[in-house]
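For reference, the chains in residue letters:
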Amino acid sequence: MPLDPQAQAFLAMLTAMNVPETHTQPVADVRAFMEASAQLGGELEDIHKVEDRTIPGPAGTIPIRIYTPEGDGPFPVLVFFHGGGWVICSINTHDGVCRALANQTPCVVVSVDYRLAPEHKFPAAAEDCYAATQWVAQHTSSIHGDPKRIAVGGDSAGGNLAAVVTLMAKEKGGPTLVYQMLVYPATDYFIPGTDSIRENATGYYLTRDAMVWFWTHYANSEEDAHNPYMAPLRAKDLHGLPPALVITAEYDPLRDEGEMYAARLREAGVSVTATRYNGMIHSFFNLGSIMDQGKVAIAEAAAALHATFATQDTH
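Read on for an overview of the structure. The structure displayed is predicted, hence computed values, not measured ones.

The rules behind these values
- Residues numbered from 1 in each chain as written.
- Predicted model: local features only at pLDDT ≥ 70, side-chain atom pairs only at ≥ 80, totals over all residues.
- Heavy atoms only, no water.
- Salt bridge = Lys/Arg side-chain N within 4 Å of Asp/Glu carboxyl O.
- Helix = DSSP H or I, 4+ residues; strand = E, 2+ residues; numbered from the N terminus.
- Buried < 20%, exposed > 50% of the residue type's maximum accessible area, 1.4 Å probe, protein only.
- Pairing = 2+ DSSP bridges.
- Axes fitted to C-alpha atoms, helices over the stretch in contact; angles between N-to-C directions.
- Contact = heavy atoms within 4.5 Å.
- Parallel < 35°, antiparallel > 145°, perpendicular 65-115°, else oblique.
- Left-handed = near helix turned anticlockwise from the far one by under 90°.
- Nonpolar A, V, L, I, M, F, W, Y, C, P; charged D, E, K, R; others polar.

## Considerations on the pattern of salt bridges
A full pass over the atoms with the stated rule returns 16 salt bridges. Among the ionic pairs, Asp188 bridges to Arg234, the shortest N-O distance being 2.8 Å. With Asp188 in the loop between strand 6 (179-183) and helix 6 (195-199) and Arg234 in the loop between helix 7 (208-218) and strand 7 (244-251), the pair connects residues that are 46 residues apart, well separated along the chain. Asp195 is the salt-bridge partner of Arg198, the closest N and O atoms lying 2.5 Å from each other. Highlighted residues: Arg198 and Asp195, both in helix 6, separated by 3 residues, approximately one helical turn. We classify Asp195 as partly exposed; its relative accessible area is 39%. When salt bridges with common partners are traced through the structure, they connect Asp52, Arg65, Asp95 and Arg99 into a single cluster.

Structure representation (structure tokens):
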């Protein structure tokens, strides 16, 4: 399918702004640009309550942001991990997405401000995300949540972290998770052989060189590439993981590794819905204010979460 006109307009805008390539810039500059860009997302959805807290983590406190929809609860909970290549972005850059998911599902969303690379390399981000998920499972009553209905999710590097947290929860004896929402997840430490990396190496927002830049900042060494907590596609056994929604974009270098992970989950007997958004680029899910397909994808994710939570409802 041709590139979606709204995606095309977004790419043209970046070209007109003369935004330098991610991999050519210092980390601090990319972070500052992404934080400033988050302000361009238009009006934020109203939500009943937003609260910032800090919780204990493996290396100090972890900031979290809790979104609570209208109603009495206890609500199901989505623990959300933002994208940004483990290097950039924050709970602020993903504020709009979290509000939309909390309202539309409806559920409590707990967005996790995990440690970023290169200051904190692998496995810091994964360990923070797992610790935050454990905290949520142990403190659901303090956030009007239901301990029997906890899901994890995220986009891009956040999708990677959500997949990793489900592996950790299985291997470390909990907590019990009922769903994983993986939006164009990074699942392998760079597979130069996938068609999507070759076809979409440049020109579609996320580039091959940017992915190398992200992975290089996150990894300590090439040995990390073989660790499933960094590259979940390398996990030998995916049996017993929670049902999954895997969203991919046609013009995204990460498209194939996301779809390969969905196929591996399915082969392991995990219930999977895999949806490719044709004509779309990486990050469209987070650009719903300017891309209609982003709104559609958020609605799909919220409906999938709602359906899963409804089957688990004990109230």
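## A few points about the sheet that holds strand 5 (residues 145-155)
Strands sit in the order 1-2-4-3-5-6-7-8 across an open sheet of 8 strands; the sheet is mixed. Unpaired on one side and paired on the other, strand 1 (49-57) and strand 8 (272-281) mark the two borders of the sheet. Along the sheet, successive strands turn relative to each other by an average axial angle of 20°, direction set aside. Bridge analysis of strand 1 against strand 2 (residues 60-68) gives 9 bridges, and the strand direction is antiparallel. Residue Glu51 lies in a different strand from strand 2, and its bridge partner there is Ile66. Most of the contacts of helix 8 (residues 255-267) go to strand 7, to which it runs at about 150°, and overall it touches strand 6, strand 7 and strand 8.

## A few points about the packing of helix 3 (residues 95-104) against helix 9 (residues 292-312)
Direction vectors running N to C along helix 3 and helix 9 enclose 45°, while the axes themselves pass 9 Å from each other. Here helix 3 lies oblique to helix 9, going by the angle between them. Crossing of helix 3 against helix 9: the hand is right-handed. Packed against helix 3, whose contacting residues are Val97, Ala100, Leu101 and Gln104, the element helix 9 presents Ile298, Ala299, Ala301 and Ala302 at the interface. Of the residues that constitute the contact of helix 3 with helix 9, the class distribution is 7 nonpolar, 1 polar and no charged.

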